[in-house]
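# Chain and residue survey
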Amino acid sequence: MCCLFTTLVILGPRAAIFLWWLVEPARWSLAFDTFIWPFLGFLFLPWLTLAFVLASPGGIEGFDWILLGLAFLMDIMSYGGGAFGNRDRVQSYYR
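Figured I'd write up the structure that's included with this text.

Calculation notes
Residues numbered from 1 in each chain as written. Predicted model: local features only at pLDDT ≥ 70, side-chain atom pairs only at ≥ 80, totals over all residues. Heavy atoms only, no water. Core = buried A, V, L, I, M, F, W, Y, C linked by side-chain atoms within 4.5 Å. Buried < 20%, exposed > 50% of the residue type's maximum accessible area, 1.4 Å probe, protein only. Helix = DSSP H or I, 4+ residues; strand = E, 2+ residues; numbered from the N terminus. Contact = heavy atoms within 4.5 Å. Patch = residues over 30% accessible without salt bridge, like charges linked within 9 Å, V, L, I, M, F, W, Y side chains within 5 Å. Areas by Shrake-Rupley, 256 points an atom, 1.4 Å probe, with all protein chains shown as cover. Salt bridge = Lys/Arg side-chain N within 4 Å of Asp/Glu carboxyl O. Axes fitted to C-alpha atoms, helices over the stretch in contact; angles between N-to-C directions. Left-handed = near helix turned anticlockwise from the far one by under 90°. Phe/Tyr/Trp six-rings, centres within 6.5 Å; stacked < 30°, edge-to-face > 60°. Lys, Arg positive; Asp, Glu negative; His and termini not counted. Polar contact = N/O pair within 3.5 Å; in protein donor to acceptor, adjacent residues only side chain to side chain.

### What about the nonpolar core?
If you look at the biggest cluster of nonpolar residues, it comprises 8 residues: Leu-8, Ala-16, Ile-17, Trp-28, Ala-31, Phe-32, Leu-50 and Val-53. Elements with a contribution of two residues or more to this core: helix H2 (13-23), helix H3 (25-31) and helix H5 (46-55). Residues contacting Leu-8, with those up to four places away along its chain left out, are Ala-15, Ala-16 and Leu-19.

The structure is reproduced here in structure tokens:
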């Protein structure tokens, strides 16, 4: 199990979403009513989607909101980090 977790961390959250959905589809059905929300989460906010599936079966309350907020920040930082890392490649970013 430890090697599987490490592999998923290396591959990223989208691989974790796909594998978790294959292993435990009932949990995903419990968290989401339709297919569109997990699909959009897979495309745009993968960390938030993983956190929501982790927190939602018991109801979202208390610390779950902090977990969802941190996951949202991780998604935003992953997009912003790519822009910050590539700022030298785009001419308009020079001062």
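### Comments concerning a nonpolar patch on the surface
A cluster of nonpolar side chains, Phe-35, Ile-36, Trp-37, Phe-39, Leu-43, Phe-44 and Tyr-79, forms an exposed patch at the surface whose accessible area comes to about 790 Å². Looking at the element boundaries, Leu-43 is found in helix H4 (residues 36-44). According to the relative accessible area criterion, Leu-43 is partly exposed, its value standing at 36%.

### Some details on the packing of H2 against H5
At a minimum axis distance of 8 Å, the contact between H2 and H5 shows a crossing angle of 35°. Judged by the sense of rotation from one axis to the other, the crossing of H2 with H5 is left-handed. Of the residues in H5, those touching H2 at Pro-13, Arg-14, Ala-16, Ile-17 and Trp-20 are Pro-46, Trp-47, Thr-49, Leu-50, Val-53 and Leu-54.

### Describing the packing of aromatic side chains
What the rule picks out here adds up to 5 aromatic pairs. For the pair Phe-32 and Phe-52, a centre-to-centre distance of 5.2 Å together with 40° between the ring planes defines the contact as tilted. One end of the pair, Phe-32, is in the loop between H3 and H4; the other, Phe-52, is in helix H5, with 20 residues separating them in the sequence. For Phe-32, a relative accessible area of 13% translates into the label buried. Phe-52 gets classed as partly exposed once you look at its relative accessible area, which sits at 24%.

### What to know about the side chain of Asp-75
Looking at the element boundaries, Asp-75 is found in helix H6 (residues 63-85). No salt bridge forms around the buried Asp-75; measuring N to O, its nearest opposite-charge neighbour Arg-14 is 6.6 Å away. Here the side chain of Asp-75 touches Leu-48 through a polar contact of 3.0 Å, landing on its backbone nitrogen. For Asp-75, the contacting residues outside a window of four places in its chain are Leu-45, Pro-46, Trp-47 and Leu-48.

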